[in-house]
Amino acid sequence: MRLENLPIVKDEKDCLPLFIDQRELILKYQIPVSDIYPFFEGLKEGKILAPKCSTCSRIYFPPQSVCPFCKKSEMQWIELSREAQLLAFTQIIVKPQSFQDEGDYYVGVARLKEGINVLARVVTDKRPRVGSKLRLEVTKNNKGNLVYCFVPID
Ligand SMILES: [Zn+2]
């Protein structure tokens, strides 16, 4: 119930007044990527690269330049395998601002052969199945930028 001339409604649970407002937020950010630049060079060649710690052999994806376990930045770049198994997914219906012009889509977490879990969009018209096989691929997003995504194999 809206109170007269005020942007206030009553909370359905406890009937206390709630202030209602709506505004657009523009989020801009810049992230230094010089330490993980090989990842972007890999995308240009259709490869998905990840840093592997030279000391403990842990692989980091999304890429990061320092191993939090060893506290060292000696990394070697490896190409990730493409086959993955879907662990979980969700359908995105309420989209962030930068995806407003797109239809509903799926985002999933899948495990690669290397034992790392990757979060990425699952490009499919059908509802994905947990446990199904996916392929990690390089593609272009709606702005023409190279990104990675999962595509069902079967
Ligand atoms: Zn390490």
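In this text the structure is predicted, and so the values were computed from the model without any measurement.

Side note on the UniProt feature "domain: ChsH2 C-terminal OB-fold" (unreviewed entry) in the protein
Part 1 of the reasoning: The sites that UniProt annotates as "domain: ChsH2 C-terminal OB-fold" (unreviewed entry) are residues 77-137.
Part 2 of the reasoning: What you have in residues 77-137 is 0% helix and 52% strand, and the ends, taken at the C-alpha atoms, are 18 Å apart.

Notes on the coordination of the zinc ion
Tetrahedral metal sites with four donors have an ideal angle of 109.5 degrees; octahedral sites with six donors have ideal angles of 90 or 180 degrees.
Part 1 of the reasoning: Every protein donor of the zinc ion is accounted for by C53 (SG), C56 (SG), C67 (SG) and C70 (SG), and the metal-donor separations fall at 2.3 to 2.4 Å.
Part 2 of the reasoning: Metal-centred angles of 105 to 114 degrees between the four donor atoms at the zinc ion mark the site as tetrahedral.
Part 3 of the reasoning: Ordering the donors of the zinc ion by residue number gives the pattern C-x2-C-x10-C-x2-C.
Part 4 of the reasoning: Overall, the relative accessible area of 0% leaves C67 in the buried class.
Part 5 of the reasoning: The partly exposed category is assigned to C70, whose relative accessible area is 22%.

Some remarks on the pairing of strand β8 (residues 133-140)
Part 1 of the reasoning: The pairing of strand β5 (residues 83-92) with β8 spans three bridges and is antiparallel. From the neighbouring strand, A84 faces β8, where its bridge partner is L134.
Part 2 of the reasoning: Relative to strand β9 (residues 146-152), β8 runs antiparallel, the two being bridged by seven bridges. What sits directly across from K140, in β9, is L146.

Notes on the packing of aromatic side chains
Part 1 of the reasoning: Within this structure, the stated rule accounts for seven aromatic pairs.
Part 2 of the reasoning: Measuring from ring centre to ring centre gives 5.9 Å for F39 and F61, while their planes differ by 65 degrees; the resulting arrangement is edge-to-face. Taken together, the residues span a long stretch of sequence, with F39 in helix α1 (residues 37-44) and F61 in the loop between β3 (49-53) and β4 (75-79) at a distance of 22 residues.
Part 3 of the reasoning: Each residue in the set Y37, F39, F40, F61 and Y148 is aromatic and connected to the rest through ring pairs, giving one cluster.

With respect to the environment of I92
Part 1 of the reasoning: Within the secondary structure layout, I92 lies in strand β5.
Part 2 of the reasoning: Each C-alpha atom, one on I92 and one on D125, is 13 Å from the other, the two residues being 33 residues apart in sequence.
Part 3 of the reasoning: Once residues within four sequence positions are removed from consideration, I92 is found in contact with D104, Y105 and V107.

Some remarks on the nonpolar core
Part 1 of the reasoning: By size, the foremost hydrophobic cluster in this structure holds 20 residues, and its most contacted members are F61, L80, L112, I116, V118 and F150.
Part 2 of the reasoning: Counting residues per element, the ones that place at least two in this core are α1, β5, β6 (105-112), β7 (117-122) and β8.
Part 3 of the reasoning: If sequence neighbours within four positions are ignored, F150 has contacts with A84, G108, A110, V118, A120, R121, V122, V123, L134, R135 and L136.

About the cut-offs
- Residue indices begin from 1 for each chain and proceed along its sequence in written order.
- Only residues with pLDDT of 70 or above have their local features reported here, since the model is predicted, and side-chain atom pairs are shown and tallied only from 80 upward, although totals for entire chains, interfaces and linings are computed over all residues.
- Side-chain numbers come from the whole structure's heavy atoms, not from hydrogens or water.
- UniProt positions are given in the numbering used here, feature names are shortened, and annotations may be inferred rather than shown by experiment.
- Only DSSP runs of H or I reaching four residues or more are called helices, and only runs of E reaching two or more are called strands; each is numbered from the N terminus.
- In this analysis a donor is any N, O or S atom within 2.8 Å of a metal ion (3.2 Å for sodium, potassium and calcium), and since water is not included, sites may seem incomplete.
- Here the metal geometry follows the donor angles, with tetrahedral for four donors whose angles all fall between 85 and 135 degrees, square planar for four and octahedral for six when opposite donors are more than 155 degrees apart and every other angle is between 65 and 115, and irregular for all the rest.
- Burial classification: accessible surface area is computed with a 1.4 Å probe over protein chains only, and a residue below 20% of its type maximum counts as buried, one above 50% as exposed, and the rest as partly exposed.
- Here, a strand pair is defined by DSSP locating no fewer than two bridges between the strands.
- In this analysis, rings of Phe, Tyr and Trp, with Trp reduced to its six-membered ring, are considered paired at centre separations within 6.5 Å, and the interplanar angle assigns stacked below 30 degrees, edge-to-face beyond 60, and tilted for intermediate values.
- Residues are treated as being in contact if the distance between any of their heavy atoms lies within 4.5 Å.
- Among buried residues, the Ala, Val, Leu, Ile, Met, Phe, Trp, Tyr and Cys ones that are joined through side-chain atoms within 4.5 Å form a nonpolar core.

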